Amino acid sequence: MDKIESKTIDALRFPCALLVVFIHVFSSIGGYNIGSRGLYDTTRVLISQGIARLAVPVFLLTAGYLFFQGLEVWEWGSYALKLKKRIRALFIPYILWNLISVIFCFTIILIKGGGYNDISVFLTERGGVLCFWNCGRFESSPLINVLGWEMWDRAFPIDYPLWFVRDLMILNILAPVIYFAVKGLSDR
């Protein structure tokens with residue numbers, strides 16, 4: 001990677017991270033119907049639920065760019081090495097943090113007297129090990145998107161912010177398909 005690419009990626013990291021913070025800070029206030037409130041709320045919603053939503057694709061594109069960097073010709077050996085690194089960097093922390101989240105949530109419910117005496121019952125009600133993949137289907141209320149539409153079919157692990165890591169792992173696994181699809185389109 002040359003200096004310009006490195007500086008560009010470095011320059012994008014902070015603003016994109018700040019935009020992700022905007023998404024999470026301002027999305028806790030319900031009712032995102034544009035124009036249904038004053039100028040401040042409309043501006044807040046447009047930035048936090050509109051412009052800021054560009055940050056996640058920028059992070060994914062940057063991760064994909066770095067994954068494929070220096071790869072002129074597909075080599076299964078280098079792909080296997082990259083996957084091995086991603087297992088240590090993404091998969092193992094993903095599993096550990098979700099496991100910590102399961103234990104933490106169960107402990108809080110246990111302390112509050114939520115009726116669970118057995119962690120297996122707690123896990124069963126959340127889909128068992130599926131809660132490491134998609135716990136969102138067990139939510140009782142929808143998220144409201146920027147257009148004011150209800151979103152019932154959301155998918156996230158029990159440690160909600162790790163949906164990004166989960167999706168990044170999927171893209172790493174699908175890298176050969178992406179590579180050959182892009183290569184096929186560029187060869188036309």
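So, here is what we can say about the structure in this document. (Residues numbered from 1 in each chain as written. Predicted model: local features only at pLDDT ≥ 70, side-chain atom pairs only at ≥ 80, totals over all residues. Heavy atoms only, no water.)

With that settled, the discussion passes to helix α7 (residues 175-186). Here α7 spans 16 Å end to end across 12 residues, near enough to the 16 Å set by a 1.5 Å rise per residue. Of all the residues in α7, the buried ones are A175, P176 and Y179. With its buried residues spanning 100° around the axis, α7 presents them on a single face. When the buried face of α7 is taken as reference, the exposed residues oriented beyond 90 degrees from it are V177 and L185. On the buried face of α7, the contacting elements are α3 (55-68), α4 (76-112) and α6 (163-173). (Helix = DSSP H or I, 4+ residues; strand = E, 2+ residues; numbered from the N terminus. Expected span 1.5 Å × (residues − 1). Buried < 20%, exposed > 50% of the residue type's maximum accessible area, 1.4 Å probe, protein only. Arc of directions from axis to C-beta. Contact = heavy atoms within 4.5 Å.)

Let's shift gears to the pattern of salt bridges. A pair can form between side chains of opposite charge whenever their charged atoms are brought close. Taken as a whole and judged by the stated rule, the model has 2 salt bridges. The residue R13 makes a salt bridge to D10 at a minimum N-O spacing of 3.5 Å. In this pair, R13 and D10 are both assigned in helix α1 (residues 3-26), 3 residues apart and thus about one turn of the helix distant. Linking R166 and D167 is a salt bridge whose minimum nitrogen-to-oxygen distance equals 3.0 Å. (Salt bridge = Lys/Arg side-chain N within 4 Å of Asp/Glu carboxyl O.)

Taken together, L171, L174, V177, I178 and V182 make up a surface patch of nonpolar side chains, about 390 Å² in accessible area. No other element matches the 3 residues that α7 contributes to the nonpolar patch. Along the chain, the position of V177 falls in helix α7. (Patch = residues over 30% accessible without salt bridge, like charges linked within 9 Å, V, L, I, M, F, W, Y side chains within 5 Å. Areas by Shrake-Rupley, 256 points an atom, 1.4 Å probe, with all protein chains shown as cover.)

Between α4 and α6, the shortest axis-to-axis distance is 10 Å and the interhelical angle comes to 165°. It follows from the interaxial angle that α4 and α6 lie roughly antiparallel. Judged by the twist between their axes, the crossing of α4 over α6 is left-handed. Where α4 abuts α6, its residues Y79, L83, R86, L90, F91 and Y94 lie against V165, R166, L168, M169, N172 and I173. (Axes fitted to C-alpha atoms, helices over the stretch in contact; angles between N-to-C directions. Parallel < 35°, antiparallel > 145°, perpendicular 65-115°, else oblique. Left-handed = near helix turned anticlockwise from the far one by under 90°.)

What follows is about the environment of I158. As for its position among the elements, I158 is in the loop between β2 (150-151) and α6. The sequence separation of I158 and C105 amounts to 53 residues, and the corresponding C-alpha distance is 9.1 Å. In contact with I158, other than residues within four places in its own chain, are N98, S101, V102, F122, R126, C131 and C135.

Moving on to the side chain of S101. Tracing the backbone shows S101 in helix α4. Classification of S101 as buried rests on a relative accessible area of 12%. Not counting chain neighbours up to four residues away, the residues in contact with S101 comprise I158 and D159.

Read these as layout, nothing more, since geometry by itself doesn't imply function.
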